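Each chain, written out:
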There are 2 protein chains.
Amino acid sequence: MRTDTTFKRAFNDMIEIIRTLDLGEELPSENALRAQLGVSRTTVRKVLAGMAARGIIISEGHRRIMCEQPQQKERYPKEETLAISEQVETSFMEWMLRGDASPGTEINETELARKFGVATTIVREFLNRFQKYGLIEKRQNAGWVFKGFTAGFALELFEIREMFEMRSARLFAALPDGSPIWKQIQVMRAAHLELLADIDARYQDFSELDSRFHRLITAVAPNRFIESFQDVIAMVFHYHYQWNKRDERARNEVAIKEHLALIEALESRNVASIDRACRLHLTSARETLLRSIMQ
Amino acid sequence: MRTDTTFKRAFNDMIEIIRTLDLGEELPSENALRAQLGVSRTTVRKVLAGMAARGIIISEGHRRIMCEQPQQKERYPKEETLAISEQVETSFMEWMLRGDASPGTEINETELARKFGVATTIVREFLNRFQKYGLIEKRQNAGWVFKGFTAGFALELFEIREMFEMRSARLFAALPDGSPIWKQIQVMRAAHLELLADIDARYQDFSELDSRFHRLITAVAPNRFIESFQDVIAMVFHYHYQWNKRDERARNEVAIKEHLALIEALESRNVASIDRACRLHLTSARETLLRSIMQ
DNA sequence: CATATATTTCTTATGTATAAAAAACAGGGG
DNA sequence: CCCCTGTTTTTTATACATAAGAAATATATG
């Protein structure tokens, strides 16, 4: 049966909302909370009931008022807020990248389900979705085969990435001054500079910024297939480097500087400069990944 | 519970194998049949048992001999040889392309399962796999949305297709004389000429040839992401034109000629000619699809 | 001993069940 | 009449069950 992770996540979020209120203040309507929390009203009501049961709020006729600051310890732990399907993703990545699997390994749905402690349905669904990352392959009426997180994989990945990203970057040369993208590029540059200034402490924040940066560039001319491919890239970087921390700080610092150079090139509107900066960054990212895969 | 479509398909295939034997001749071993039929020995044995039950073959100690020509009417009908998941694909495509769905339509797993007469699990699994075609999108904790088989879709599709195909075609310019691909190209040219010579009767065979041709070009330098994208293209052409037969003969004749021109360009090894022929074909294919979508 | 068949075990494909979440519906107050 | 809360209905996420198919193991035969 379905887990109540949505409820727990909403509950945790609600704690933050309540913290902004004063004692005795009235809570927003269920509908308003629904919008804020991004869940259904059904779940909002369940959260409110939970809050009332804990004495954090009190129902008075048709309104609810806050009567006690919620404690941080009331929060549900992070793991319980992740849908089973999300947990499976992490488990699988760990299984894969920790080296339990070498290229050609057969993947057994039942065995994975046992190992991860979930139903086979979930594993099966996950594998179906995961197929798009190009790391596994299905054989009719049999299981899946793990193709390996190999240099070949990285090269094929980057061949496509280069095509897509160069395509988007070049379009900046013809982008009118008035485009709202330029403003977002400015914001992006600021974020990079900020991170760079505090790189020693915050270098781990780069992964997420990287993904946002590349998605922004792509957004000049949206294409669903390119966007979908960015999920592949994001997955690779997110998980691979999560299990391979070597030189992380240095790696990220270099990448930030390359991003800044690319931003400058984009703003110059000069196709040749854009090409150069973009290719430089992609080449460097590819080499870094390859080196890291080869150990 | 699982359907026995594998058995039925193997049974039909076995009929063809038996037809090549003489009365009283001994059948190949179970293992040999397994390899020929491409199924497990378990299934082979089930098929053999079925044949024996119908008196087509007879077991004599540890060998089986053929004792009666199987009738064509013994064959299981085509529908029964398709796995449920394959049937769902067809049903869904029909539902989508017949116009039951307009852009923005919400897709309801339960309803589709009812409509198609299958379990929700199957529909769910199908939708997960189908997601890669870029026509549907999932919303968290809610159903799917059909994004529409629109002009926008076609344009995004062709933008990628152009990048990928030009990339592969250009690589031919540097392909050594000795590459086995050239021979395959020759075979491909012959197949095109043959089809062209008999175009009035066989124009419907083009769809499959088209897919093979483009996959061959891509095969110069394999890339799993490009290959996966070709599934998207194949799906679009296969199903879309299956429900939109207007000008099919003329369309296909034009495409065949463009393919032949591209083959010639590839063999010339001249990048400029290759570019021109490739772009010409893709542009024409795009316009044809767009016209067809717009009706 | 190699290869064939018989038997057993394991895995996948597909169906059904159910709690959680979403959505729809209904009455009530400002 | 709009928006709020209470209630009911649908739908999804997840678990579990089982027949078909694949794979492994055992046994037989030349």
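Residues numbered from 1 in each chain as written. Chains lettered and ligands numbered in written order. Predicted model: local features only at pLDDT ≥ 70, side-chain atom pairs only at ≥ 80, totals over all residues. Heavy atoms only, no water.

(A) Expanded view of the overall build of chain A. When you go through chain A residue by residue, the secondary structure sums to 13 helices and five strands. Put simply, chain A has 295 residues, and 47% of those count as buried. Taking all contacts inside chain A whose residues are at least 6 apart in sequence as the whole, residues at least 24 apart take part in 69%. Carbon and sulfur atoms make up 51% of the accessible area of chain A, which totals about 14900 Å². (Helix = DSSP H or I, 4+ residues; strand = E, 2+ residues; numbered from the N terminus. Buried < 20%, exposed > 50% of the residue type's maximum accessible area, 1.4 Å probe, protein only. Contact = heavy atoms within 4.5 Å. Areas by Shrake-Rupley, 256 points an atom, 1.4 Å probe, with all protein chains shown as cover.)

(B) Highlighting the interface of chain B and chain A. In this complex, chain B contributes 30 residues to the contact, which on the side of chain A involves 30 residues. With both sides pooled, the region where chain B packs onto chain A buries about 2500 Å², and carbon together with sulfur makes up 49% of that total. On the chain B side of the interface with chain A, the three residues burying the most area are Glu-156, Arg-224 and Phe-225 of chain B, jointly 29% of the side's total. Among the ionic pairs, Arg-167 of chain A bridges to Glu-159 of chain B, the shortest N-O distance being 2.6 Å. Linking chain B with chain A are 18 residue pairs in polar contact (both at pLDDT 80 or more). The greatest single-element share of the side of chain B that touches chain A, amounting to nine residues, is contributed by helix H7 (residues 151–171) of chain B. (Buried area = accessible area lost by both parts, 1.4 Å probe. Salt bridge = Lys/Arg side-chain N within 4 Å of Asp/Glu carboxyl O. Polar contact = N/O pair within 3.5 Å; in protein donor to acceptor, adjacent residues only side chain to side chain.)

(C) The arrangement of the relation of the copies chain B and chain A in detail. Of the transformation placing chain B onto chain A, the axial shift is 0.0 Å and the rotation is 180°, giving an RMSD of 0.2 Å. Here the two chains are linked by the operation of a two-fold rotation axis. (Least-squares fit on C-alpha atoms with pLDDT ≥ 70 in both.)

(D) Seen up close, the nonpolar core. Membership of the largest hydrophobic core comes to 87 residues, with the highest contact counts inside it found for Phe-92, Met-96 and Phe-130 of chain A together with Phe-92 and Phe-130 of chain B. Once you skip the residues sitting within four places of it in the chain, Phe-92 of chain A turns out to touch Ile-107, Leu-112, Phe-116, Phe-126, Leu-127, Phe-130 and Ile-136 of chain A. (Core = buried A, V, L, I, M, F, W, Y, C linked by side-chain atoms within 4.5 Å.)

(E) Fine view of the sheet that holds strand E4 (residues 136–138) of chain A. Residue and element names in this part refer to chain A. Strand order in the open sheet formed by three strands is E3-E5-E4, and the pairing between neighbours is antiparallel. Looking at the sheet topology across the chains shown, the edges are occupied by strand E3 (106–107) and E4. In terms of strand pairing, E4 meets strand E5 (residues 144–146) through three bridges, oriented antiparallel. When the sheet's bridge partners are listed, Ile-136 is paired in E5 with Phe-146. (Pairing = 2+ DSSP bridges.)

(F) Seen up close, the UniProt feature "domain: HTH gntR-type" (unreviewed entry) in chain A. The feature "domain: HTH gntR-type" (unreviewed entry), as given by UniProt, occupies residues 82–149 of chain A in the numbering adopted here. The annotated region residues 82–149 of chain A carries 53% helix and 12% strand content, and the separation between its end C-alpha atoms amounts to 26 Å. (UniProt positions renumbered as here; feature names shortened; annotations may be inferred.)

(G) Looking closely at the confidence of the model for chain A. Predicted confidence across chain A gives a mean pLDDT of 94, with 100% of residues reaching 70 or more. The secondary-structure element of chain A with the lowest mean pLDDT is strand E1 (residues 57–60) of chain A, recorded at 88, while helix H7 (residues 151–171) of chain A shows the highest, at 97. (pLDDT = per-residue confidence, 0-100.)

(H) Looking closely at the pairing of strand E2 (residues 63–66) of chain A. All names here are of chain A. Bridging between E1 and E2 involves four bridges; their strand directions are antiparallel. In the sheet register, Ile-58 faces E2, and the bridge partner there is Ile-65. Two successive antiparallel strands, E1 and E2, enclose a turn made up of two residues, where Gly-61 displays a positive phi of approximately 60°.

(I) Summary view of the protein's contact with DNA strand D. Around DNA strand D, the structure places 40 residues, and the nearest of them are Arg-41 and Arg-45 of chain A together with Ser-40, Thr-43 and Arg-124 of chain B. Each atom of DNA strand D within 4 Å of the protein was assigned to sugar, phosphate or base; sugar and phosphate come to 67%. Glu-30 of chain A has a polar backbone atom sitting 3.0 Å from a phosphate oxygen of DNA strand D. Asn-108 of chain B places a side-chain nitrogen or oxygen 2.7 Å from a phosphate oxygen of DNA strand D. If you list the elements that add at least two residues to the surface near DNA strand D, you get helix H2 (30–37), helix H3 (41–53), helix H4 (84–100) and helix H6 (120–130) of chain A together with helix H1 (5–19), helix H3 (41–53) and helix H5 (109–116) of chain B. Considering each element in turn, the surface near DNA strand D owes the most residues, four residues, to H3 of chain B. Partitioning the surface near DNA strand D into residue classes produces ten nonpolar, 18 polar and twelve charged. (Near = heavy atom within 4 Å. Nonpolar A, V, L, I, M, F, W, Y, C, P; charged D, E, K, R; others polar.)

(J) Main features of the sheet that holds strand E4 (residues 136–138) of chain B. All names here are of chain B. Read from one edge of the open sheet, three strands run E3-E5-E4, paired in antiparallel fashion. Two strands in the sheet have a free side with no partner beyond their single neighbour: strand E3 (106–107) and E4. Two elements, E3 and strand E5 (residues 144–146), share two bridges in a ladder whose sense is antiparallel. Residue pairing for E5: Glu-106 is matched across the bridge by Val-145.

(K) Seen up close, the protein's contact with DNA strand C. Of all residues adjacent to DNA strand C, which total 37 residues, the nearest are Ser-40, Thr-42 and Arg-124 of chain A together with Arg-41 and Arg-45 of chain B. In DNA strand C, the atoms that sit within 4 Å of the protein are 67% sugar and phosphate, with bases accounting for the remainder. Here a phosphate oxygen of DNA strand C sits 3.0 Å away from a polar atom, N or O, in the main chain of Phe-7 of chain A. Ser-85 of chain B is positioned such that a nitrogen or oxygen atom in its side chain is 3.5 Å from a phosphate oxygen of DNA strand C. Contributing elements (two or more residues each) for the surface near DNA strand C: helix H1 (5–19), H3 and helix H5 (109–116) of chain A together with H3, helix H4 (84–100) and helix H6 (120–130) of chain B. With four residues, H3 of chain A is the largest single contributor of residues to the surface near DNA strand C. For the surface near DNA strand C, a count of residues per class yields nine nonpolar, 16 polar and twelve charged.

(L) Main features of helix H11 (residues 224–242) of chain A. Over its 19 residues, H11 of chain A extends 27 Å from the first C-alpha to the last, a length consistent with the 27 Å expected when each residue adds 1.5 Å. Of the residues that open H11 of chain A, the one with a side-chain oxygen 2.8 Å from the backbone nitrogen of Phe-225 of chain A is Asn-223 of chain A. (Expected span 1.5 Å × (residues − 1).)

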